[in-house]
Amino acid sequence: MKNLAKLLLLAVCAAGAFSAAYGRPNTDVYIGITSYGSQKVPGFGIPAFEAQGLEAQQAAQQVQEVLRADLMYMRYFDVQENGPAFDNKHITDSVSAWGKQGAAYVLSGSVSYESPNYTIRLYVYDVSTRTAVFAKAYKGTQASLRRLAHVAADQIVSALIGKRGIADTKIAFANDATKHKEIYVVDYDGQNLQKLTSDKSISILPRWSKDGRIYYTTYKYDNPDIFAIDMRMGKIAPVIIRGGLSLIGGVSPDGKALVFTSSGGKNPSIYVYNLETHKKTRLTNKTSVDGSPSYSPDGKYITFVSNRAGNPQIYVMNLETGETRPLTRSFNWSDTPQWSPTGEWIVFAGREAPFHPMDIFLVDLTGTQIRRLTTDAGTNEDPTWSPDGRFIAFTTTRNGGKRQLYVMDADGSAPHLIADLKGNSYTPHWSF
C-alpha cells in the first residue's frame, strides 16, 4: 500500500516511477500494406494531383502527400502511385488504365487557388463500374491544407470501407523539454506539434473529452489540481482546485463527469466529479490505495488499479451496483488501464516480476486472457487506444533511455516512433 501511495504522489511530482532500459531500434519494423489480417486489401491508385495555376503547385503536392501517407498508415488499401497520369477529359480510359495495374479504386485530385483560399476537389472512382463513388470539394487557407487532407482521408475511408479513420485525430501528452512538464498536442502522424500550457510547473495526465476539451492535472497552484483546456476557444480554466490530491483518470463518454483519484479520505480513492452539478461522489472506500481510473465506452463501468489484495492489480467496477472484481491477480505491478473503444479489452502497463521493466499488456473482461504486447525493448508505459481500436500509443525508453512517444498495432506489431521530440514525453491520450 505504501508503494502504491508513493506512486500516486510521484505521478504528480515525477509523472510516474520510471527505470532506465536499453534500446532495441531493430524492433521498429513495419508490417506490409497489401493485406490486413488474412484479407488482401484493395489496390488504391493515386496519380499526381492536378495544379490549376502556378500558385497551386506546391499545395497540390502537399495535399497528395498527406492523403497518401494517411491512407497507407490506416492500411485499408494497397496504395499505388506508379501509374499513368489521370486525364480528366478521358476519365473512363484513365480509370481502366489504373485497373490494369491492379487498382480497385482511383483517386483524382485537383487544387486551385484564389486568394486567400485553396480549393481541393477529390474524386474516387470504382474501377469495376468506372463511376465516382466519392466526390467532395474542400476550401481553406495554406495553414489548413494538412488538416483538410486529414479530413478527406477519413471521409474516403468511411465512404469506401464503412469504418472511421484516424487521420484527423490528435494525441495529447506531457513533455519536459522546457525543464517543466507541460501539456502538448500533436497530430496522429507526429506533425503539427503545439504547446498548450505554460504552467511552469508539473502538468500531466491530459485526458480528452468528446467535445474537444482536454482535462489534466497540474501543480500550477502548488497543489495537484484538475484544469480544463478548451481547444475551440483556446482557454484554460480550473475545474477542481485546492482539494488535496486530484489526479484525472478519464472523462465520461457523455462528457458530463470526470473520474479521478483523490486524497479526500484516509487513503487515495476513486471519485466521480459531476461537471454540471459540481458534486463529488466517492466510489471506493477501502483501506487500500486505488487509482488510475478510466471509463468503459458505454460509461457503465470503470477500470482502475488497487493494491487491496497485495500488489497493484487491475479491477473493474459496475457504477450502478458498485460490484467490483479483479481482472489480474499475479502481476508484481499494474498501472494505467485504458478501455478499448470496442469494450472488449483493457490495455495496461505492468510487470510480472520484481525488477523487471514495465511492459504493455491486454486483458479481456473475464480476466482469463492476458496478452503481452511489448518485450525486451526498454520500459513501456502509459498506453492509450486510437479511437478506432486498431492502434495503441505509449511511452518507451527503448532508444537509449529517453522517454519517447511510440505507436503500435493493437496486437503489438509494427512499433514506431510518432515524432522525434525534445525532452521526455509522458502520459499520452488519443483524441476521440
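Before any of the text, the structure's been laid out above.
Quick summary incoming for the structure in this document. (Residues numbered from 1 in each chain as written. Predicted model: local features only at pLDDT ≥ 70, side-chain atom pairs only at ≥ 80, totals over all residues. Heavy atoms only, no water.)

Some words on the overall build of the protein
No. 1: On a plain count of helices and strands, the protein comes out with four helices and 32 strands.
No. 2: Taken over C-alpha atoms, the radius of gyration comes to 23 Å for the protein, in line with the 22 Å a tight globule of 432 residues would show.
No. 3: Summarising its shape, the C-alpha atoms of the protein cover approximately 75 × 45 × 45 Å along the three principal directions.
No. 4: Across the 432 residues in the protein, those meeting the buried criterion constitute 54%.
No. 5: Within the protein, contacts between residues separated by at least 24 positions form 43% of all contacts whose residues are at least 6 apart in sequence.
No. 6: Counting every atom, the protein has about 19100 Å² of accessible surface; 49% of that belongs to carbon and sulfur.
No. 7: The averaged location of the 40 negative side-chain charges in the protein is 5 Å from the averaged location of its 46 positive side-chain charges. (Helix = DSSP H or I, 4+ residues; strand = E, 2+ residues; numbered from the N terminus. Rg over C-alpha atoms; globule rule 2.2 N^0.38 Å. Buried < 20%, exposed > 50% of the residue type's maximum accessible area, 1.4 Å probe, protein only. Contact = heavy atoms within 4.5 Å. Areas by Shrake-Rupley, 256 points an atom, 1.4 Å probe, with all protein chains shown as cover. Lys, Arg positive; Asp, Glu negative; His and termini not counted. Charge placed at Lys NZ, Arg CZ, Asp CG, Glu CD.)

With respect to the sheet that holds strand 17 (residues 257-262)
No. 1: Pairing in this open sheet of four strands is antiparallel, and the strands run 16-17-18-19 from one edge to the other. The open sheet has two free edges, formed respectively by strand 16 (246-251) and strand 19 (280-282), since each of these has just one partner strand. The average angle at which neighbouring strand axes cross in this sheet is 30°, direction not considered.
No. 2: As paired elements, strand 17 and strand 18 (residues 269-274) share six bridges and run antiparallel to each other. Within strand 18, the position partnered with Phe260 by the bridge is Tyr271. (Pairing = 2+ DSSP bridges. Axes fitted to C-alpha atoms, helices over the stretch in contact; angles between N-to-C directions.)

Describing the nonpolar core
No. 1: Ranked by size, the top nonpolar core spans 47 residues in total, and within it Phe44, Leu67, Leu107 and Leu122 carry the most contacts.
No. 2: With 26 residues, the next largest nonpolar core counts Ala174, Tyr216, Ile240 and Leu275 among its residues. (Core = buried A, V, L, I, M, F, W, Y, C linked by side-chain atoms within 4.5 Å.)

Considering the packing of aromatic side chains
No. 1: Applying the stated criterion across every chain yields a total of 18 aromatic pairs.
No. 2: Both rings, one in Tyr221 and one in Phe227, keep their centres 5.6 Å apart while their planes meet at 70°; by these two values the pair is edge-to-face.
No. 3: Here the aromatic rings of Phe331 and Phe348 are separated by 5.2 Å at their centres, their planes lie at 75°, and the arrangement is edge-to-face. Taken together, the positions of Phe331 in the loop between strand 23 (324-326) and strand 24 (333-339) and Phe348 in strand 25 (residues 345-351) put the pair 17 residues apart, joining distant regions of the chain.
No. 4: Residue class for Phe348 comes out buried when judged on its relative accessible area of 0%.
No. 5: Linked through ring pairs, Phe44, Phe77 and Tyr105 together constitute an aromatic cluster.
No. 6: Cation over ring: Lys280 sits above Tyr271, and NZ or CZ is 5.0 Å from the ring centre.
No. 7: Lying across the ring of Tyr406, Arg398 places its NZ or CZ 5.1 Å from the centre. (Phe/Tyr/Trp six-rings, centres within 6.5 Å; stacked < 30°, edge-to-face > 60°. Lys NZ or Arg CZ within 6 Å of the ring centre and 35° of its normal.)

Considerations on unusual backbone geometry
No. 1: Between Ser115 and the following residue, Pro116, the backbone shows a cis peptide bond with an omega angle of 5°.
No. 2: Here Pro116 is to be found in the loop between strand 6 (103-114) and strand 7 (117-126).
No. 3: Of note in this structure, Arg130 is not a glycine but carries a positive phi near 60°.
No. 4: By the secondary structure assignment, Arg130 is in the loop between strand 7 and strand 8 (131-140).
No. 5: Taking the relative accessible area as the measure of exposure, Arg130 reaches 35% and is therefore partly exposed.
No. 6: Non-glycine residue Ala414 carries a positive phi angle of around 55°.
No. 7: Tracing the backbone shows Ala414 in the loop between strand 30 (404-409) and strand 31 (416-417).

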